[in-house]
There are 2 protein chains.
Amino acid sequence: MLKLAFRTSRDLVKNSSKTTYIIARTLFSNQKFPSASSRTISTSSAALAASSGLVSRSGRNPKPKVAQARISGCSKYLEVSWGNGEVARYPWVWLRDNCQCPKCFQPSAKARLLVMKDLDVDCFPSEVKLEGSDVKVTWQDGHESLWNPDWLQQHIFDDEKTLKSRETLLRNKRIMWKEDFQPKDIPKGQFGQVLTSDEKLLEFLVNLEVHGIHLLENVPPMEGMIHKLADRVAFLRATNYGREFPVKVKMEPSNLAYTGAALGLHTDLVYYDYMPGVQFLHCIKQAEGSLGGESVFADGMSIAAKVKTLDPEAYDLLINVLVDFHDIGSDFYRFHKLQRRPIIERDRYGEVFRLNYNNQVRDTFLAVPLEQVKPLYKAMKLMDDELNKTAIRRRLKTGDMIIFDNMRILHGREAFSVQAEERRNRLLQGGYSDWDEFRSRIRVLQAQQEGN
Amino acid sequence: MLKLAFRTSRDLVKNSSKTTYIIARTLFSNQKFPSASSRTISTSSAALAASSGLVSRSGRNPKPKVAQARISGCSKYLEVSWGNGEVARYPWVWLRDNCQCPKCFQPSAKARLLVMKDLDVDCFPSEVKLEGSDVKVTWQDGHESLWNPDWLQQHIFDDEKTLKSRETLLRNKRIMWKEDFQPKDIPKGQFGQVLTSDEKLLEFLVNLEVHGIHLLENVPPMEGMIHKLADRVAFLRATNYGREFPVKVKMEPSNLAYTGAALGLHTDLVYYDYMPGVQFLHCIKQAEGSLGGESVFADGMSIAAKVKTLDPEAYDLLINVLVDFHDIGSDFYRFHKLQRRPIIERDRYGEVFRLNYNNQVRDTFLAVPLEQVKPLYKAMKLMDDELNKTAIRRRLKTGDMIIFDNMRILHGREAFSVQAEERRNRLLQGGYSDWDEFRSRIRVLQAQQEGN
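Everything numeric in this text was worked out from a predicted model, so none of it was measured.

1. A look at the interface of chain A and chain B
Phase 1 of the analysis: On the chain B side, the residues contacting the 134 residues of chain A number 135 residues.
Phase 2 of the analysis: At the boundary of chain A with chain B, total buried surface from both sides reaches about 12,400 Å², with 55% on carbon and sulfur atoms.
Phase 3 of the analysis: Here chain A is connected to chain B by 14 salt bridges.
Phase 4 of the analysis: Put simply, Lys76(B) and Glu371(A) hold a salt bridge, and the shortest N to O gap is 3.3 Å.

Here you go:
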């Protein structure tokens, strides 16, 4: 489907926000990035702009002006001299491809209408001139293109500031937990405010992306609140376990999780290629009558860095050796999931973004050469030791919701006793969403703040 | 969440199949793989087993027997001599980690209960012996483990046949379209049969994975049929365009897709990290009164191989240069999606698995060094030329549903005239699902056939 072809049946719950957004963003500015003053991103738009890498175009910055536009000496580029003396160059084929006329570009959909078949890779202008403040190129086939100075500024090639700003638009830079990271360092917010204030929602989303974890307090102690928050961002994602799942102690437990037993640190659904990016856990009722049952969290990104320092060879095994993970069963439907992946997964920039660490669903089958088996176990054990050393513990209270990056943050649970009726009533509800949707929402909200 | 913790609220439509499945699979066998006799995978279970790489353990193959079990000469392994004279070795730590006793392993959930913290990487046996036909190891801490010969056979290390079989379990080997691939070569099936017969469903799913495309005929010409098929496999996936979308001509078209204009070859939603893996297009009503409006398809995997042969340098640019793709708008909710990826994406085995090719949503912003811009356009143009040369055209009939691998197969539409009322009523419905779910369903159905 082409993006223009869409009209949806809107068969899921709509986002509850009624705010009218203005999509208007300037990527380029001469002002320096302000530096964030606090560890946790504050609500001020200055800090948010810093965290997003986007610098708003304020009235103080004069609009860029084109002093001259011409064919470059080597003939390969449009050469633009700016009022401040700087020079920018743009390749002809890229300019033709991005002609902004109504035949070539649909501005409201921000979509290219020109098809590749009709693009002449060797196109060259017959004339280049200024038309008012805009640059006008007439092509040898007679087609005319016009770009305004703002647009040209936003699309400067090989410009470090522009590139950095775009990288932050792609994703906010994550901050690793330091060794002294404490439960009190978990970013905190009020559930009600996040539901009603776009500023608070953005603050929540950016902190979640940057630190990998966020606590929301005073959530109504009833089912459906995860759904409500997910819909405020985008929607809850379905997996073979459905869209929401309860975690509770049962009188006659059929398995470990339904007892008060400890659950080791792990990431969820590692046997999915499309492993859920964000996990929600809502404490509807804590076992008030006892101690224990604390939630445990550790930052896989920090641990990976630690293991790399402690034992580079072990780290090499964890990023290179492929391990099988599987899940076979019947819940939402009958399933047999299977993935073969390294324990520590890095993206194309070499950054750790996904920990495949779940002892329960690590397959008995191991497609690893015999000689590599023990070194691999030693490496996993080293990582496990470091995880347990640096893990933080926080007892969720009734009305707490913890949201975390399921690919980065490992989670578990301490043991608790289940004798008293009070403790048996402990009830959590969980669910998932994905970073595609969360990052999309961040960009929409940031553009809205920029536009204000 | 740990896998044992799940009970779902089952808030989506359940899979319609009521069949009781038996999960029982033997990965090892001495028999040779039969070779598939036809280009399109046939319905016979022999061919399906071949395509899946799984070889069923038939009554003709004697059960493996352990002749002797002992500590290997180097002390590092359990050494098992089989009745046929072959010898297999298993590392101690892996054996301890995969102890099958009820304290260490939950058989119904196929989940490991033993936690990494309690695993001694240097564990060593105090005794190894045969107990009946099973191998029994007593560890130095007194714990006892028992494995049956079948289990040990299925887990042999460094065995080519076992490894191949597992690789096919991970995913079926895809077959590239040859240059003479014709519309008649598209695998074909009957919608009604796929809904009611598990054998037909498996045939459909395997052919879809192997060839990247499948036609289903005699689909009732009404909305909701995509939903029905998706639920038969797993479920329809939501995106920022909702869960199902209509494609129809409008009297006063607001954009290209709602006219009769041609739509160039592309893949959908390339601006998602989790790009939908499978696309459904159901022709509810074709523009019967005119020619034109043919659906166009091309195999991105074949084209990538072709470009690599024709111009290795162009291919290098297409697999290495990162290009921005975006979509900004409001539909199911307000969104701003953004991805930076190569045009041709390869997996960790170097195989092409994802084409990011969509001229409309390729961003105007290009984070590429100035000198690389024109070579990149030349490479894209070369790929586009090859796509258009080898594309196949098929006019969907009312009641046809075409399902294809959205990451591999590019799709488009020929122009058609829209004067007559008849043609204006042309209506398609589309939707998405993911390979995680489709491959899971294949494994479940194959295990079921193996168990029969």
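Next comes the rest of the write-up.
2. A few points about the relation of the copies chain A and chain B
Here the two chain copies are tied together by a rotation about an axis and a shift along that axis.
Phase 1 of the analysis: When chain A is fitted onto chain B, the two copies agree to an RMSD of 0.0 Å after a turn of 180 degrees and an axial shift of 0.0 Å. Each copy turns onto its partner about a two-fold axis. Among all residues of chain A, the one whose C-alpha sits closest to the rotation axis is Tyr274(A), at a distance of 3.1 Å.
Phase 2 of the analysis: An overlap of 100% is found between the interface residues of chain A and their copies at the interface of chain B, pointing to a shared contact surface.

3. Structural notes on the sheet that holds strand 11 (residues 244–248) of chain B
Residues and elements named next belong to chain B.
Phase 1 of the analysis: Read from one edge to the other, the open sheet built from 6 strands follows the order 9-10-20-13-22-11, with strand pairing classed as mixed. Since the sheet does not close on itself, it has two edges, and those belong to strand 9 (188–190) and strand 11, each with one partner. Neighbouring strand axes in the sheet, compared pairwise and without regard to direction, differ in orientation by 25 degrees on average.
Phase 2 of the analysis: As judged from the 4 bridges shared by strand 10 (residues 213–217) and strand 20 (residues 401–405), these two strands associate in the antiparallel manner. When the bridges of strand 20 are listed, Ile 213 appears paired with Phe 404.
Phase 3 of the analysis: Sheet strands touched by helix 12 (residues 435–451): strand 13 (278–285), strand 20 and strand 22 (427–433). Its angle to strand 13, the strand with the most contacts, is close to 90 degrees.

4. Some remarks on unusual backbone geometry
Phase 1 of the analysis: Although it is not a glycine, Ser75(A) sits at a positive phi angle of roughly 70 degrees.
Phase 2 of the analysis: Within the secondary structure layout, Ser75(A) lies in the loop between strand 1 (66–71) and strand 2 (77–82).
Phase 3 of the analysis: The backbone phi angle of Leu269(B) is positive, close to 55 degrees, even though this residue is not glycine.
Phase 4 of the analysis: Topologically, Leu269(B) is positioned in the loop between strand 12 (263–266) and strand 13.

What counts, and where the lines are drawn
- Residues numbered from 1 in each chain as written.
- Chains lettered and ligands numbered in written order.
- Predicted model: local features only at pLDDT ≥ 70, side-chain atom pairs only at ≥ 80, totals over all residues.
- Heavy atoms only, no water.
- Contact = heavy atoms within 4.5 Å.
- Buried area = accessible area lost by both parts, 1.4 Å probe.
- Salt bridge = Lys/Arg side-chain N within 4 Å of Asp/Glu carboxyl O.
- Least-squares fit on C-alpha atoms with pLDDT ≥ 70 in both.
- Pairing = 2+ DSSP bridges.
- Helix = DSSP H or I, 4+ residues; strand = E, 2+ residues; numbered from the N terminus.
- Axes fitted to C-alpha atoms, helices over the stretch in contact; angles between N-to-C directions.

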